[in-house]
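# Understanding the architecture of this molecule
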Amino acid sequence: MLEKYKKEFLSQNVQFILLDEHGAVTESDDEIFKVSSGSLLPSLHPFFESIPSIDDLDENALDFFCVNLKFDNVDLIVDIKVKRKKECVLLSITDFTEHYNSYQSVAQSRNESIIKTELTVLKNLELEERERFKNQFIQNFSHELRNPLTSVMAISDILNDTNLSTEQVKMLDFLKVSAKNLHLLIEDTLSIGMIDAGKMNIQNKRFSLKDLFDLLSFTYGNKIKQKGISFNFIWDDKLPTEVVGDRLRLYQVLENLLNNALKYTAQGSISFEMNLNQKWANKASVRVKVSDTGTGIHENNLSAIFESFNRVETDEKIKGTGLGLTIVKNLLHLMGSEIKVESEKNKGSTFYFDKVFEYQIGGLKSNPLLEKPEAQKTKPKKNSKKYKVLLVEDDESVQLSLFKILLNTKQFHVDLAYDGNLVLQEVVNTNYDCILMDVNLPNIDGDQITRLIRDFPFKNVKNIPIIGITANAYPENIQEYIKAGMNEVLVKPFQKEAFLETLYKVLK
Ligand code: ADP
């Protein structure tokens, strides 16, 4: 029984042909293709021409694998075995067409998947490389702009304190607004780079939400009214005034939303609201809303406005980079919130989000781990004492502007050093009350000098307050400088007030 089925199975795939000593067919079972008795083997298919004549064959079988043959327009892939018998030759042809084809397609799909994986790896590497290049470019670009901008801002502040005509005051105001815009642009560009590189850390410190609201209402209220637009601001009295969160980043979000409302509204009104959704335990959910009666956005464009560098339906005259809303979206996402928009073309837009803040029930008691509220920050010293300050800065324009600011207060004697190597000599010879130390210096960096000073054996040198001044604005840079022993770090560009406030804070 088994033999019968075996035969049935085998006969479907194998053909046996017997040849005489001249290579002519004597017998064939014709299982695969028809062969007439007496035909010479090469006449069946050109492949058989390659089979040696009977005299050249020995007892060992000759094997040919994966041979492509075509009979009666049918493509076959076969294995052929040629074996010499006593007075004849036995040819067995096994049809493995299906087997070889499936093997080929498996091999092909395997190769394709290997190639695909390699392509994906290459693509990812290229994307990573591009991302790295972009972030490095942004970092360098914003770094290089910070020195000239520090001088522009500082010199504007110095000019502000001189006797100016009304015309000059107006021009100076323009200069200050331009410098402020440029500063915002640098910060926004850097923020995008930081978000993309996953380096944006959200702080959780105590701050006054009410003060932030008042400050923005005041600054934007004035700007909006100057444009002839009415401004409404609503602060819900049920809100906690002080909360825990990232004041700087929240400020950046709100500034972008208010700037847009101002930019894209020519008439009507703009409103800025903070309302309580609900309070539970020590948490409060706040709805923050900025609405305007401006140009509005077409429904189809509502998702595109959040993509970087995307500007939609904008009038050429309205300047922008298309970065603002990308930053808003990403910062809020990092803060666990989400920006929402409702807008109608030619009617206006409303941007809003809900943010949960922690707060202390019954008011906040002083907690050294949390940031001091704005109002408690150190005020300039009102005494007649003269302080000795060493200013270490190699950029001449920054040096000149800081020097001037210090001299104008009439509270400082200032020594200058261009080169980090001179600092160690200076601190040994003179008793300084503070060192203002640029970080990027020729020969030796400011943070390295700080480490050397902190390792000094003499107390009066070792403990000199050091304020780092840097164009490297990444939080990890600042942490590194603090770790090196700097008391405070100022990121360029900074306003005169912030500079003096930081200086007074470290002076004894
Ligand atoms: P920018 O204002 O620099 O172009 P944004 O990312 O802040 O970049 O905004 C992206 C786009 O969204 C803007 O170009 C504008 O088309 C649209 N947009 C944003 N805010 C408003 C608004 N308040 N009213 C109308 N259109 C707006």
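Residues numbered from 1 in each chain as written. Predicted model: local features only at pLDDT ≥ 70, side-chain atom pairs only at ≥ 80, totals over all residues. Heavy atoms only, no water.

### Re the site of the ligand
Around the ligand lies a shell of 21 residues, among which Asn-260, Tyr-264, Arg-311, Val-312 and Leu-325 are the nearest. A distance of 2.8 Å is found between an oxygen atom of the ligand and a side-chain nitrogen or oxygen belonging to Asn-260. Ser-349 has a polar side-chain atom sitting 3.5 Å from a nitrogen atom of the ligand. Look at the ligand: alone it shows 530 Å² of surface, and the protein chains cover 97% of it. Mapped by element, the contributors of at least two residues to the shell around the ligand are helix 6 (247–263), helix 7 (324–334) and strand 12 (348–358). At 3 residues, helix 6 tops the list of elements feeding residues into the shell around the ligand. (Near = heavy atom within 4 Å. Polar contact = N/O pair within 3.5 Å; in protein donor to acceptor, adjacent residues only side chain to side chain. Areas by Shrake-Rupley, 256 points an atom, 1.4 Å probe, with all protein chains shown as cover. Helix = DSSP H or I, 4+ residues; strand = E, 2+ residues; numbered from the N terminus.)

### Brief notes about the packing of helix 5 (residues 209–226) against helix 6
Relative orientation of the contacting elements helix 5 and helix 6 amounts to 25°, with a least axis distance of 11 Å. When the interaxial angle is binned, helix 5 and helix 6 end up roughly parallel. Every pair of crossing elements has a handedness; the one defined by helix 5 and helix 6 is right-handed. On helix 6, the residues touching Leu-209, Leu-212, Leu-215, Leu-216, Tyr-220, Lys-223 and Ile-224 of helix 5 are Arg-247, Leu-250, Tyr-251, Leu-254, Glu-255, Leu-258, Asn-259 and Leu-262. (Axes fitted to C-alpha atoms, helices over the stretch in contact; angles between N-to-C directions. Parallel < 35°, antiparallel > 145°, perpendicular 65-115°, else oblique. Left-handed = near helix turned anticlockwise from the far one by under 90°. Contact = heavy atoms within 4.5 Å.)

### Comments concerning helix 10 (residues 446–454)
Of all the residues in helix 10, the buried ones are Gly-446, Asp-447, Ile-449, Thr-450, Ile-453 and Arg-454. Relative to the axis of helix 10, the buried residues are bounded by an arc of 155° and lie together on one face. Looking at the packing, one finds that the buried side of helix 10 touches helix 9 (420–429), strand 15 (434–438), helix 11 (459–462), strand 16 (466–470) and helix 12 (475–484). (Buried < 20%, exposed > 50% of the residue type's maximum accessible area, 1.4 Å probe, protein only. Arc of directions from axis to C-beta.)

### Side note on the domain arrangement of the protein
Where interface size is quoted, it is often the accessible area lost as the parts come together. The domain boundaries assigned to the protein delineate domain 1 (9–95), domain 2 (205–376) and domain 3 (387–507). Domain 1 and domain 2 are separated by 86 Å when their C-alpha centres are compared. (Domains from an automatic or database assignment.)

### Some remarks on the pattern of salt bridges
As a working rule, side chains carrying opposite charge can pair if their charged atoms are close by. One pass over the full model with this rule turns up 16 salt bridges. Taken together, the salt bridges that share partners define one network made up of Glu-393, Asp-438 and Lys-492. (Salt bridge = Lys/Arg side-chain N within 4 Å of Asp/Glu carboxyl O.)

### Thoughts on helix 4 (residues 166–196)
For the α-helix, the turn length of 3.6 residues means that residues three or four positions removed from each other point alike. With 31 residues, helix 4 extends 45 Å between its outermost C-alpha atoms, agreeing within 8% with the 45 Å of an ideal straight helix rising 1.5 Å per residue. Every buried residue of helix 4 is listed here: Leu-172, Ala-179, His-183, Ile-186, Asp-188, Thr-189, Leu-190, Ser-191, Ile-192, Gly-193, Met-194 and Ile-195. Considering only its buried residues, helix 4 is in contact with helix 3 (97–160), helix 6, helix 7 and helix 12. Directly beyond the C-terminal end of helix 4, a positive phi value near 70° is found at Gly-198. (Expected span 1.5 Å × (residues − 1).)

### Brief notes about empty space enclosed by the protein
The probe, sized like a water molecule, is rolled over the atoms to show the empty space still left. Under the criterion given, the structure shown has 1 cavity of 30 Å³ or more. Size it by volume and the largest cavity reaches roughly 30 Å³. Lining the largest cavity are Gln-139, Ser-142, His-143, Arg-146, Leu-190, Ala-471, Asn-472 and Ala-473. A total of 4 residues in the lining of the largest cavity trace back to one element, the largest contributor, which is helix 3. Grouping the amino acids of the lining of the largest cavity by side-chain chemistry returns 3 nonpolar, 4 polar and 1 charged. (1 Å grid on protein atoms, 1.4 Å probe; cavity = no way out; pocket = protein on both sides within 12 Å on 5 of 7 lines; lining within 4 Å. Points joined across faces, edges and corners; volume = space filled by probe spheres on them. Nonpolar A, V, L, I, M, F, W, Y, C, P; charged D, E, K, R; others polar.)

### Remarks on the layout of surface pockets
Its volume calculated, the second largest pocket comes out at about 210 Å³. Lining the second largest pocket are 16 residues, and of these Gly-23, Ile-51, Pro-52, Ser-53 and Ile-54 lie nearest its centre. Those elements that provide at least two residues to the lining of the second largest pocket are helix 2 (41–44) and strand 5 (89–95). Per-class residue counts for the lining of the second largest pocket are 11 nonpolar, 3 polar and 2 charged.

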